[in-house]
Amino acid sequence: MTLITNATEFIKMSNHNIQKYTIAELQQMDKLERESILKNGITVGEFHLYYQPSNLTIQIDKISKTGLRSTRREVDLELCSTSSDVLEDIYCLHNLADSTGELLAAFLTLFSVACIENFGGNHEVFFRNPEKLNWKK
C-alpha cells in the first residue's frame, strides 16, 4: 500500500490505522484532533514521534521489541527558521538507515500540526515566508 501518493498528502496514526490527509484537510482538522497529536504524538512502525513544546523539539524515538525507547533523533524547531533548515532535517531523516516513507510523512504531519499550534498555519508558512520564523514568540 502506498501511503504517500504525492507531496501534498500526509498520514496520521489513529488506533493503529493510517489515514491520509491533504494539506487542506490537515488545516481543517479540528482542534481536538490536533491537540491529540500534540499530546500523544504519532507512532509509525518502530518509531514514536512527539512534540515537546517545553524545549521546542520534535523527538523521534525508536521502540525496541521489548518496548524500551531510545531517542533516535531530535529536531530543534528553534533552528528551523527557514525552509532550507526544514529541508535539511527532512533530508537527515530520509538518510537514517531505518527510515521509511511513513516516518517522513509522520514527521511532516507532526511538524505541520506544531506550525498550526505556533503560527496559525501549517508548514507552508516556511515555504511562503521569506522572513525567518521565531518559534519563541
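Residues numbered from 1 in each chain as written. Predicted model: local features only at pLDDT ≥ 70, side-chain atom pairs only at ≥ 80, totals over all residues. Heavy atoms only, no water.

Turning to the packing of aromatic side chains, a few remarks are in order. To describe a pair of aromatic rings, one takes the distance between the centres and the angle between the planes. Within this structure, the stated rule accounts for two aromatic pairs. Where F107 meets F111, the ring centres are 5.9 Å apart and the plane angle is 25°; that geometry is what we call stacked. Placement of both F107 and F111 in helix 4 (residues 101-119) is noted, with a separation of four residues, approximately one turn of the helix. Per residue, the accessibility class of F107 equals that of F111, and both read buried. One aromatic cluster in this structure is built from F107, F111 and W135. (Phe/Tyr/Trp six-rings, centres within 6.5 Å; stacked < 30°, edge-to-face > 60°. Helix = DSSP H or I, 4+ residues; strand = E, 2+ residues; numbered from the N terminus. Buried < 20%, exposed > 50% of the residue type's maximum accessible area, 1.4 Å probe, protein only.)

Here the focus is the side chain of D61. The residue D61 is located in strand 5 (residues 57-63) in this model. In this structure D61 is buried but unpaired, with R69 as the nearest side chain of opposite charge at 4.0 Å. Each residue touching D61, except ones within four places of it in the same chain, is listed here: E46, F47, H48, Y50, R69, S70, T71 and R72. (Lys, Arg positive; Asp, Glu negative; His and termini not counted. Salt bridge = Lys/Arg side-chain N within 4 Å of Asp/Glu carboxyl O. Contact = heavy atoms within 4.5 Å.)

In this section: the sheet that holds strand 6 (residues 69-76). Pairing is antiparallel in the open sheet, where four strands are placed in the order 3-4-5-6. Bordering the open sheet on either side are strand 3 (42-44) and strand 6, each of which pairs with just one other strand. Ignoring strand direction, the axes of neighbouring strands in this sheet form an average angle of 20°. Where strand 4 (residues 47-52) meets strand 5, six bridges bridge the pair, whose relative direction is antiparallel. Across the sheet, the residue bridging to Y50 is Q59, located in strand 5. Where helix 4 meets the sheet, it contacts strand 3, strand 4, strand 5 and strand 6, and its direction lies at approximately 15° from that of strand 4. (Pairing = 2+ DSSP bridges. Axes fitted to C-alpha atoms, helices over the stretch in contact; angles between N-to-C directions.)

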